[in-house]
Amino acid sequence: MSAIVLPFRFARRLPQIRKTAGYMVSVPANHAEGHLREQLRRLEDGLRKKGVAEPLIRSEVGSYEGAIRAHLWRLLISQGGAA
């Protein structure tokens, strides 16, 4: 018997998105990008271990990254800062 594993949409995990974007805005750009890459890698690894299909992993990671980057831009614009 097999089942399809569907994770909760990561792009809707607002506390995690806010935390990651908030950290990214507080450090130099190259460090922020490295931090984001590491977070996305961990997400991919975790979903693979849970048996989530590769197309769904790519979709989840892409939407999560987009949500973080969108919130990051909101923070930068509201603070009048630049990347």
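Structural data are supplied above this passage.
Residues numbered from 1 in each chain as written. Predicted model: local features only at pLDDT ≥ 70, side-chain atom pairs only at ≥ 80, totals over all residues. Heavy atoms only, no water.

Considerations on helix H3 (residues 54–79)
Taking 1.5 Å per residue, 26 residues should reach 38 Å; H3 reaches 37 Å between its end C-alpha atoms and fits that length. Within the span of H3, buried status applies to Leu56, Ile57, Glu60, Val61, Tyr64, Ala67, Ile68, His71, Leu72, Leu75 and Leu76. Where the residues of H3 are buried, they touch helix H1 (14–26) and helix H2 (29–49). (Helix = DSSP H or I, 4+ residues; strand = E, 2+ residues; numbered from the N terminus. Expected span 1.5 Å × (residues − 1). Buried < 20%, exposed > 50% of the residue type's maximum accessible area, 1.4 Å probe, protein only. Contact = heavy atoms within 4.5 Å.)

Some words on the side chain of histidine 71
Secondary-structure assignment places histidine 71 in helix H3. Overall, the relative accessible area of 15% leaves histidine 71 in the buried class. Sequence-distant contacts of histidine 71, defined by excluding residues within four places in its chain, comprise Ile17, Arg18 and Ala21.

Thoughts on the layout of surface pockets
Here the second largest pocket defines a volume of roughly 180 Å³. Along its surface, the second largest pocket is lined by 11 residues, and Gln16, Thr20, Gln39, Arg42 and Tyr64 are the ones closest to its centre. Only H1 and H2 provide two or more residues apiece to the lining of the second largest pocket. Looking at side-chain class alone, the lining of the second largest pocket contains 4 nonpolar, 4 polar and 3 charged residues. (1 Å grid on protein atoms, 1.4 Å probe; cavity = no way out; pocket = protein on both sides within 12 Å on 5 of 7 lines; lining within 4 Å. Points joined across faces, edges and corners; volume = space filled by probe spheres on them. Nonpolar A, V, L, I, M, F, W, Y, C, P; charged D, E, K, R; others polar.)

Things to note about the environment of arginine 37
On the secondary structure map, arginine 37 appears in helix H2. Owing to a relative accessible area of 54%, arginine 37 belongs among the exposed residues under this scheme. A sequence separation of 28 residues divides arginine 37 from glutamate 65, and the C-alpha atoms of the two residues are 9.1 Å apart.

What to know about the pattern of salt bridges
What the rule picks out here adds up to 8 salt bridges. Of the charged contacts in the structure, one is a salt bridge between aspartate 45 and arginine 41, with a shortest N-O distance of 2.5 Å. With aspartate 45 and arginine 41 both in helix H2 and 4 residues apart, this pair spans about one turn of that helix. The exposure class of aspartate 45 is partly exposed, given its relative accessible area of 27%. The partner of arginine 69 in a salt bridge is glutamate 65, and the shortest N-O contact between them spans 3.0 Å. In this pair, arginine 69 and glutamate 65 both sit in helix H3, 4 residues apart, roughly one turn of the helix. Judged by relative accessible area, which is 28%, arginine 69 ranks as partly exposed. If you follow the salt bridges from partner to partner, you end up with Glu38, Arg41, Arg42, Glu44, Asp45, Arg48 and Glu54 in one network. (Salt bridge = Lys/Arg side-chain N within 4 Å of Asp/Glu carboxyl O.)

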